[in-house]
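Chain and residue survey
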Amino acid sequence: MDSQTVSRHAAKPDAPTAGTLKPNALGVLGILFFVLSAQAPLTGIAGAAPIAVALGNGPGVPAAYLVAGLVILLFSVGFVAMGRHVVDAGAFYTYIGKGLGRTTGIGSAGLALFAYCTIQAAMYGLYGAIVSGLVASHTGLDLPWWVWTLATMVLVQALGAAGVEMGAKVLAVFVLAEFSILSVFALVTLFKGGGPEGLGLADSFSPSAALDGAPGVAVMFAVASMFGFEATAIYGEEAREPRKTVPRATYLAVAVVTGFFALVSWMLISSYGASKATAAAGEALESGDGAGFVFAPIAADFGGWVGDVLPVLLATSLFAGILTFHNSANRYLFSLGRDRLLPLRLCRLNRRHAPWTAGCVQTALAVLLVVPFALAGKDPVLTLFSWFSGVAVLAMMLLYLLTSVSVVVFFRRARLDTRLWNTLIAPALGALGIAGAIWLILANFTTLIGGERTTALWLTLSVPVVMALGLAAARVRGRTAER
C-alpha cells in the first residue's frame, strides 16, 4: 500500500484527463461555501430552532448545538486523517470500503445516494411551497408548488453542468446573504446586552439548562442542522492541494457552523427572555408559522422590511442547499461509474469537466422522488419535506458511524498514521457520540418528521432496507466478478 495515498486519484495533474474531475478548481473558501449552503443556515434556524425550543430543552438549545458540534468535531478528526490518504469523489463509500471491506463500502454508497437524494427532495418540497407563496403574494400569480420545483430542477441541472466554480460563486452570494442578516442580528443583540432579561448566559449554557426538559430532542435537531459538512471530502479531487485544503475546510466548517448556530439561537432566546422563549416558540408553532419565532425579533430590530426580505432569503437558502446536494449526489454517481459499480456512462464529463450524465441521472431521481407527492396532492411541507429530511438525517448518521469505525480499523491495519488521538481516540469517541445521536433520533423520530408512528416506522425501516439492498448487490457483483 502506498504510504502517500491509497487512491489512484490523488495525483494532481495540471489539466483534466478522461474520467477525472477538474483539478485545482476549489480553494478552502470555495469548499466552505458548498458546506455552508448544505447546512442552509436560515432554514436550519427558522425550521429547527422553534421546534427544539418548544419541545426540547427551551433556553438550553444553544448548549445542544455545542454538544452536537463537539461530536461532529471528534468525528472530523478521524475523517480528516483518512482524507489525507484517500482522495476520491466517493468519500464515504471509499472511506468505509478501505476499513470495513469493499462489500460494506458499496452498500454504504447506496445509503449515501439515498441520503443526498432524499434531503434534496425534501428541500424541493419546502422550496416549492415558499416560492409559490411568495410569487402569489407579490404578483397574484397562483401556481402549484410543484411548477416552481420542476422549473428549479432545470436551473439546478444547468448550474451543475456549468462547473464547480460557477456553483461555488452562486452559492457564495446566497450563503453570504443569509449568514449576514442572521449574524448582524446576533451581534447587535449581543453587544447591546441581550433582551429584556439580559444575555442569559447561564440560562442557555449551564449544565442544568442543557439537561432541562427534553435535551434529546434539542440535540437531535442540532445534529440534523449540521447535515452536509462531510462534503469537504467529496470535492477533494477538485481542490487545490487537497491534503491541506480539505482538512482546513472541514475544521473551519465545523467551527463556523457550530459557533453560528449556538450564537444565533442564544441571541434569539435572549431577545424574548429565557423565561418567555419556550412559550413564544410554542405559540409560533401552534399558529402554523414557526419561522415567525425567528423573523419577529429580527424585524423588531431592523424594521418591517425584514419581513419581506427573510422569506426570500429562506427560498435562496433552500436553493443553495438543493444545488449543493445535487453536486454531492452526482459526484457519488460519477465515482461509482468510474469504479465500474454502476454503468460507465455515469463518469462521462462535459466540456467544463462537470459530471454531465451523472447530473442528468441525479435530476431524474429528484423528479421521481418529488412527482408522486405532487400527483397525490400531498402537502409538500408536512409530508415531502418532513418525511424525507428525517429519513435523510438518520441515513447520514449511520454513514458517520460506519466511517468512524472504518477509520479505526483502517489505521490499525495500515500503519500510515501513528497518532493515537487522530486515528483511535477521537474517532472512537466520535463513534460513541454518533451512536448516541442515532439513539436519540430513533427515540424521537415521530417528532422529527412531524408524522404518525406508522409513518415513522416505515421511514425508519427504509434506511436498513436500502443498506441491505446495497450489500446484497455488492455480494452479487462480487460473485459475478469471480466467474
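Before going into details, it helps to say that this report is about the structure given with it. (Residues numbered from 1 in each chain as written. Predicted model: local features only at pLDDT ≥ 70, side-chain atom pairs only at ≥ 80, totals over all residues. Heavy atoms only, no water.)

Before going further, it helps to spend a moment on the packing of helix α3 (residues 61-83) against helix α10 (residues 215-225). At a minimum axis distance of 8 Å, the contact between α3 and α10 shows a crossing angle of 55 degrees. Classified by the interaxial angle, the pair formed by α3 and α10 is oblique. Between α3 and α10 the crossing geometry is right-handed. On the side of α3, the interface is formed by V61, A64, Y65 and A68, while α10 contributes A218, V219, A222, V223 and S225. Taken together, the residues of the contact of α3 with α10 sort by class into eight nonpolar, one polar and no charged. (Axes fitted to C-alpha atoms, helices over the stretch in contact; angles between N-to-C directions. Helix = DSSP H or I, 4+ residues; strand = E, 2+ residues; numbered from the N terminus. Parallel < 35°, antiparallel > 145°, perpendicular 65-115°, else oblique. Left-handed = near helix turned anticlockwise from the far one by under 90°. Contact = heavy atoms within 4.5 Å. Nonpolar A, V, L, I, M, F, W, Y, C, P; charged D, E, K, R; others polar.)

Once that is clear, we can look at α10. Counting buried residues along α10, ten of its eleven residues qualify, which places the element largely inside the surrounding structure. Within α10, the full set of buried residues consists of G216, V217, A218, V219, M220, F221, A222, V223, A224 and S225. (Buried < 20%, exposed > 50% of the residue type's maximum accessible area, 1.4 Å probe, protein only.)

With that out of the way, let us pick up the packing of α3 against helix α17 (residues 380-413). Remark: α3 packs on α17, axes separated minimally by 9 Å, with the N-to-C direction vectors making an angle of 50 degrees. Taken together, the axis directions place α3 and α17 in an arrangement best described as oblique. Relative to α17, the crossing made by α3 is left-handed. On α17, the residues touching I72, F75, G78, F79, A81 and M82 of α3 are Y400, T403, S404, S406, V407, F410 and F411. Taken together, the residues of the contact of α3 with α17 break down into nine nonpolar, four polar and no charged.

Under the definition given, this model contains two salt bridges. Here D301 makes a salt bridge to K192, at a shortest N to O gap of 3.2 Å. Residue D301 is found in helix α14 (residues 292-302), and its partner K192 is found in the loop between α7 (164-191) and α8 (201-205); the two are separated by 109 residues along the sequence. For D417, the salt bridge goes to R419, with nearest N and O atoms at 2.6 Å. Classification of D417 as buried rests on a relative accessible area of 8%. According to the relative accessible area criterion, R419 is partly exposed, its value standing at 38%. (Salt bridge = Lys/Arg side-chain N within 4 Å of Asp/Glu carboxyl O.)

In short, shape yes, function no, at least from these values alone.
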